[in-house]
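Below, each chain spelled out in residue letters.
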Amino acid sequence: MPQPPYNIICMKWGTKYGADYVNRLYGMIARHLKTAFQLTCFTDNAQGIRPEVRICDLPKLDLPAGTPERGWNKLSTLQADLGGLSGDVLFLDLDVVIVDNIEDFFTYPGDFLIIRDSKFRKKLIGNSSVYRFKIGRYADILTQFQQNFMEIRQTYRNEQAYLTTEIAKRGELNFWPDSWCPSFKYHCMQPFPLNYVKDAIIPQGAKIIIFHGHPEPHEAIQGITHKWYRHVRPTQWVADYWHE
């Protein structure tokens, strides 16, 4: 079981998310965690990130030159020496919205914990928006990926499918309770056609709302129709939680 201060990490690369996403994440953690913590952001551009956040260079996957790393970057967190950290760390995506106390994410038993992907429940695939692991414990999984990238890329659709499969082979794959990390798209929004007349909700027991694809948090706040059957009414509670 990890001991405080708790280590939390996130990653920011490219231009999709700005420093404001990191700053909001820090603010949400501070409001929903009474225990001392340190947020470390691994990034290629630290400009504008609030000073309370510890900054480290974005870890490299060390793939052959010209190989696209998009979709696999999180595997770099498995390296044995990650920003001088040790012990258990909790990884959070930048686009999550924390809506309740998150102390339990540090005390829930298990060597490796991740969200159970609701779309692939029979395959036991995780969603890596929120996962906890021990620094260096799975470095060989990263090495295997680096040495067999082309084959793995053809077999698995993304890093979370590969990662959870390898962890499961060790018998160490554990999932957070289902209610803790619901998907905004699949669990908060009302099904069509009710989504046109009823607002998205916070499911009972939710602690961290995850966003994938569309809508993103800022789109949920404003309201958006990305697809005709996936209309999102303006969602005030996202704005209430998602701020610095």
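The numbering scheme is per chain: residues are counted from 1 as the chain's sequence reads. Under the rules for a predicted model, residues below a pLDDT of 70 receive no local features and side-chain atom pairs below 80 are neither given nor counted, while totals for whole chains, interfaces and linings still include all residues. Only hydrogens and water are set aside when side-chain values are computed; all heavy atoms of the structure are taken into account.

Enquirer: So what's going on with the packing of aromatic side chains? Which residues, and what values?
Expert: Centres within 6.5 Å are what make two rings of Phe, Tyr or Trp a pair, Trp counting through its six-membered ring; a difference in plane orientation under 30 degrees is then read as stacked, over 60 as edge-to-face, and the rest as tilted. Applying the stated criterion to the full structure yields 21 aromatic pairs. Ring geometry for tyrosine 21 versus tryptophan 242: centroids 5.1 Å apart, planes at 70°, classification edge-to-face. Placement of tyrosine 21 in helix H1 (residues 19-31) and of tryptophan 242 in the segment after helix H8 (236-241) is noted, with a sequence separation of 221 residues between them. The class of tyrosine 21 is buried, set by a relative accessible area of 5%. The cut-offs for exposure are 20% and 50% of the maximum accessible area for each residue type, with area from a 1.4 Å probe on protein chains only; residues under the lower value are buried, those over the upper are exposed, and the others partly exposed. Using a relative accessible area of 6% as the deciding quantity, one classes tryptophan 242 as buried. Aromatic rings pair up to connect Trp72, Phe145, Phe149, Tyr156 and Tyr162 into one cluster. Residue placement shows arginine 24 over the ring face of tryptophan 242; its charged tip is 4.0 Å from the ring centre. The rule is short: NZ of Lys or CZ of Arg within 6 Å of the ring centre and within 35 degrees of the ring normal puts a charge over the ring. Sitting above the plane of the tryptophan 180 ring, lysine 207 keeps its charged end 5.4 Å from the centroid. Starting at the N terminus, helices and strands are each numbered in turn, a helix being any DSSP run of H or I of at least four residues and a strand any DSSP run of E of at least two.

Enquirer: Describe unusual backbone geometry, naming the residues involved and giving the relevant values.
Expert: Here the amide bond leading from phenylalanine 192 into proline 193 is cis, since omega sits at 5°, within 30 degrees of zero. Mapped onto the secondary structure, proline 193 falls in the loop between helix H6 (184-188) and strand E9 (208-209). The linkage connecting histidine 214 with the following residue, proline 215, adopts the cis geometry, with an omega of 5°.

Enquirer: How would you explain helix H3 (residues 139-147) if you had to name every residue and give the values?
Expert: A turn of α-helix holds 3.6 residues, and therefore any two residues three or four places apart point the same way. For H3, every residue scored as buried is listed here: Ala139, Ile141, Leu142 and Phe145. Down the axis, H3 shows its buried residues gathered within 160° of arc, on one side only. Throughout, the arc means that of the directions going from the helix axis to the C-beta atoms.

Enquirer: Provide a residue-level description of the sheet that holds strand E3 (residues 54-57), including the pertinent values.
Expert: Note on pairing: two strands pair once DSSP finds at least 2 bridges between them. Strand order in the open sheet made by the seven strands is E3-E2-E1-E4-E7-E6-E8, with mixed pairing throughout. Looking at strand neighbours, the two that pair on one side only are E3 and strand E8 (173-175), the edges of this open sheet. Across the sheet, the mean angle from the axis of one strand to that of its neighbour is 30°, orientation sign disregarded. Alignment of strand E1 (residues 6-12) against strand E4 (residues 88-92), held across three bridges, turns out to be parallel. If you follow asparagine 7 over to E4, its bridge partner there is valine 89. Working rule for contacts: check all heavy atoms of both residues, and any pair within 4.5 Å makes them a contact. All axes are obtained by fitting lines to C-alpha atoms, using only the stretch in contact for helices, and the reported angles, taken between N-to-C directions, cover 0 to 180 degrees. Contacting E1, strand E2 (37-43) and E4, H1 crosses the sheet at an angle of about 165° to E2. Packing against the sheet, helix H5 (residues 159-169) makes contact with strand E6 (112-116), strand E7 (126-134) and E8, and its axis sits at approximately 45° to E7.

Enquirer: So what's going on with the state of the cysteines? Residues and values would help.
Expert: Disulfide assignment relies on a single distance test, namely cysteine sulfur atoms paired within 2.5 Å. Tallied over the entire structure, the rule returns zero disulfides. Cysteine 41 takes part in no disulfide bond, and the closest cysteine sulfur to it belongs to cysteine 10, at a distance of 3.8 Å. Judged by its relative accessible area of 0%, cysteine 41 falls in the buried class. With no disulfide of its own, cysteine 188 has cysteine 181 as its nearest cysteine by sulfur position, at a separation of 11 Å. Judged by its relative accessible area of 1%, cysteine 188 is buried.

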